[in-house]
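Examining the three-dimensional arrangement
One-letter residues, chain by chain:
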Amino acid sequence: MGRGPISYVKHIEITGNSHGFDAESIRTAINIAPGTKIRSIDLHQINNRVLSVPWVKNAATRRLPNGDIIIKTQQHKAVAMWSDGLMFYPLSADGTKIDTPFDRPDKNTIVFRGELPDNLTDIINDLSVLTEYIDYIILVESRRWNIQTKNGTLIYLPEDNPSTAINKIAMLNQTHKLLSRDLKVIDMRDGKRILIKQ
């Protein structure tokens, strides 16, 4: 008893729900290799180590009778990035910042600064028509958004129905190259008119 091959970890299988997930970072976190004694393994502790990997959202760890360890993970899906002005952190749709910073944002990715709401999906979808022009977007007093464009223009979005204002900007940009002009401010907060400051 305790000397046969079943008393040792034979194989560790790690799976994820996203293409190209990093299994090696999980292997490093759990610090267990085939040949480890089964009795020395605490599955709850292993699962906590897996959850300590920044991009892992959920995890389930179990041990099979044949000595295999099976780890199933669910990853945060990055839909945008958040920046402190220096580094860029992937963001999931629920506003979770994934603590794996980069020194530059991904191409054609919306970058947020400051406070984050609980759900980013709506504003990200609305801004998809302007992504290539946006430097970053910031929530003002938990009520409305400001957009900083790559050419230095500050866009004030209204508190109510920002998607309509965003579509107006996209149309004006398509017809009049609005976001290519040297403008300081485009104020969309008044639904009846657009204020532009040069």
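Residues numbered from 1 in each chain as written. Predicted model: local features only at pLDDT ≥ 70, side-chain atom pairs only at ≥ 80, totals over all residues. Heavy atoms only, no water.

1. Considering the packing of helix 1 (residues 23-30) against helix 2 (residues 43-51)
Using the following cut-off: Between the N-to-C directions of two axes lies an angle of 0 to 180 degrees, each axis being a line fitted to C-alpha atoms and, for a helix, fitted only over the stretch in contact. The secondary structure listing takes helices from DSSP runs of H or I that are at least 4 residues long and strands from runs of E that are at least 2 residues long, numbered from the N terminus. Roughly parallel here means an angle under 35 degrees, roughly antiparallel means over 145, roughly perpendicular means 65 to 115, and every remaining angle is called oblique. For any helix crossing, the convention is left-handed if the near helix is rotated counterclockwise from the far helix by under a right angle, and right-handed if that rotation is clockwise. Residue contacts are counted whenever heavy atoms from the two residues lie within 4.5 Å of one another.
Two elements in contact, helix 1 and helix 2, have axes whose closest approach is 8 Å; the angle formed by their N-to-C orientations is 135°. With respect to each other, helix 1 and helix 2 are oriented oblique. The way helix 1 lies across helix 2 gives a crossing that is right-handed. Of helix 2, the residues touching helix 1 (which contributes Ile26, Ala29 and Ile30) are Ile46, Arg49 and Val50.

2. Focus on the pattern of salt bridges
Here the idea is simple: oppositely charged side chains can pair when their charged atoms come close. The following threshold applies: Put simply, a salt bridge is a Lys or Arg side-chain nitrogen that is within 4 Å of an Asp or Glu carboxyl oxygen. Exposure is judged per residue with a 1.4 Å probe applied to protein chains only, and the accessible area is read against the type maximum: over 50% gives exposed, under 20% gives buried, and values in between give partly exposed.
Tallied over the full model, the rule gives 6 salt bridges. We note a salt bridge from Glu141 to Arg143, for which the minimum N-O separation is 3.0 Å. Judged by its relative accessible area of 59%, Glu141 falls in the exposed class. Linking Asp190 and Arg193 is a salt bridge whose minimum nitrogen-to-oxygen distance equals 3.4 Å. The class of Asp190 is partly exposed, set by a relative accessible area of 34%. Assessed through its relative accessible area of 52%, Arg193 is described here as exposed. Taken together, the shared-partner salt bridges connect Glu141, Arg143 and Glu159 into one network.

3. Focus: the pairing of strand 3 (residues 69-75)
To be explicit about the condition: Here, strands pair whenever DSSP counts at least two bridges between them.
Burial analysis of strand 3 places 5 of its 7 residues in the buried class, the great majority of the element. Pairing analysis gives 4 bridges linking strand 1 (residues 12-15) to strand 3, with the strands arranged parallel. The residue of strand 3 that forms the bridge with Thr15 is Lys72. Pairing of strand 2 (residues 56-63) with strand 3 involves 7 bridges; the strand directions are antiparallel. Residue pairing in the sheet places Ala59 in a bridge with Thr73 of strand 3. The turn linking strand 2 back onto strand 3 is made up of 5 residues, and Gly67 within it adopts a positive phi angle of 100°.

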